[in-house]
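Each chain is listed here by its residues.
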Amino acid sequence: MGSTRPGRNGEAVAKWVYDHASKRADASFELLDLHDYHLPLFDEGLPAFRQYQHDHTRTWSEKIDGFDGYVFVTPEYNHGVPGALKNAIDYLYQEWNNKAAAFVSYGHEGGARAVEHFRATMVELQIATVRGQVMFRFETDFENWTNFRPSSRHEEALAGQLDQLVTWSRALRTVRDQSVQ
Ligand SMILES: Cc1cc2nc3c(=O)[nH]c(=O)nc-3n(C[C@H](O)[C@H](O)[C@H](O)COP(=O)(O)O)c2cc1C
């Protein structure tokens, strides 16, 4: 869940994703809220080498390391992802490598610009990003810009995206087994 804003729409969107994903039999899913990790503005010297100074980083590292893939649920803030999400991403490096990711975004244009930008960050982290993207627009998927009322067509899009995410996440396990960092 990429937003930490008080009153965030992200909670309803992430819950929708989680509710659909957790019905699948081919993978297990967990919903992460950045709020729970209490990450301050980036305060580690050498994240790329996993030499962490702080307990908040160790806790975050252990959590992220345990997954084969990720679904980032993010709003668009000034045509990018929220600073809190980018900050959390930058804390780690090896934990993200050779994993897969999918995106669910929301905003006036469905958060399209934020995710296009974010995909470039994924390249540096050696995360393989699936082609599809579920995009919710305020005009069609939220009442009064706040009550999340997703059109049912998004369910099919999410299912297709998760099919690919699960396949790629599994396949990349073999790459991680052989990889030299
Ligand atoms: C700092 C900030 C910047 C924003 N910039 C954009 C933007 O560039 N494009 C857009 O579609 N919406 C933008 N919005 C509107 C957000 O998409 C909208 O407020 C959304 O609900 C934010 O997600 P959240 O409620 O989960 O925090 C912005 C909102 C904030 C707070």
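Overview of the structure. It should be emphasised that the depicted structure is a prediction, and the values quoted were computed from it without experimental measurement.

Moving on, we come to the nonpolar core. Core analysis: the largest hydrophobic core is formed by 26 residues, its most contacted members being Trp60, Phe72, Ile89, Trp96, Phe118 and Met122. Looking at this core, the elements with two or more residues in it are helix H2 (55-65), strand S1 (69-75), helix H3 (83-90), strand S2 (99-107) and helix H4 (112-124). When residues of this core are assigned to their parent elements, the largest contribution, four residues, is made by H4. With residues near it in sequence (within four places) discarded, Phe118 still touches Phe72, Val81, Leu85, Ile89 and Phe103. Counting 21 residues, the second-largest nonpolar core is a separate cluster that includes Val73, Ala100, Ala102 and Leu165.

The final tally for this structure, using the stated rule, is 16 aromatic pairs. When the ring of Phe72 is compared with that of Phe118, the centres are 5.2 Å apart and the planes differ by 85°; the resulting orientation is edge-to-face. One end of the pair, Phe72, is in strand S1; the other, Phe118, is in helix H4, with 46 residues separating them in the sequence. When its relative accessible area of 2% is taken as the criterion, Phe118 is described as buried.

With that settled, consider H4. Every buried residue of H4 is accounted for by Ala114, Val115, Phe118, Arg119, Thr121 and Met122. One side of H4 carries all its buried residues, which in axial view fall inside an arc of 160°. The exposed residues of H4 that point more than 90 degrees off its buried face are Glu116, His117, Ala120, Val123 and Glu124. At the C-terminal side of H4, Gln126 shows a positive phi close to 60°.

The next point concerns the site of the ligand. Ser3, Arg5, Asn9, Tyr77 and Tyr106 are the nearest of the 15 residues found near the ligand. Asn78 is positioned such that a nitrogen or oxygen atom in its backbone is 2.8 Å from a nitrogen atom of the ligand. Contact distances for the ligand include 2.6 Å between an oxygen atom and a side-chain N or O atom of Tyr106. Coverage of the ligand by the protein chains reaches 77% of its 620 Å² of free accessible surface. When grouped by side-chain class, the residues that make up the shell around the ligand number four nonpolar, seven polar and four charged.

Here the phi dihedral of His79 falls at roughly 65°; this positive angle occurs in a residue that is not glycine. One can find His79 in the loop between S1 and H3. With relative accessibility at 46%, the residue His79 sits in the partly exposed group. In this structure, Trp145 takes a positive phi of about 70° despite not being glycine. Position of Trp145 relative to the elements: it lies in the loop between strand S5 (142-143) and strand S6 (147-148). Classification of Trp145 as partly exposed rests on a relative accessible area of 45%.

By the criterion of burial, S1 is predominantly enclosed, with five of the seven residues buried. In terms of strand pairing, S1 meets S2 through seven bridges, oriented parallel. Bridging across to S2, Val73 finds its partner in Val104. The parallel pair S1 and S2 is bridged by H3, and the resulting crossover is right-handed.

Analysis parameters
- Residues numbered from 1 in each chain as written.
- Predicted model: local features only at pLDDT ≥ 70, side-chain atom pairs only at ≥ 80, totals over all residues.
- Heavy atoms only, no water.
- Core = buried A, V, L, I, M, F, W, Y, C linked by side-chain atoms within 4.5 Å.
- Buried < 20%, exposed > 50% of the residue type's maximum accessible area, 1.4 Å probe, protein only.
- Helix = DSSP H or I, 4+ residues; strand = E, 2+ residues; numbered from the N terminus.
- Contact = heavy atoms within 4.5 Å.
- Phe/Tyr/Trp six-rings, centres within 6.5 Å; stacked < 30°, edge-to-face > 60°.
- Arc of directions from axis to C-beta.
- Near = heavy atom within 4 Å.
- Polar contact = N/O pair within 3.5 Å; in protein donor to acceptor, adjacent residues only side chain to side chain.
- Areas by Shrake-Rupley, 256 points an atom, 1.4 Å probe, with all protein chains shown as cover.
- Nonpolar A, V, L, I, M, F, W, Y, C, P; charged D, E, K, R; others polar.
- Pairing = 2+ DSSP bridges.
- Right-handed = clockwise from strand over helix to strand, strands pointing away.

As far as function goes, none of this settles anything; it's purely spatial.
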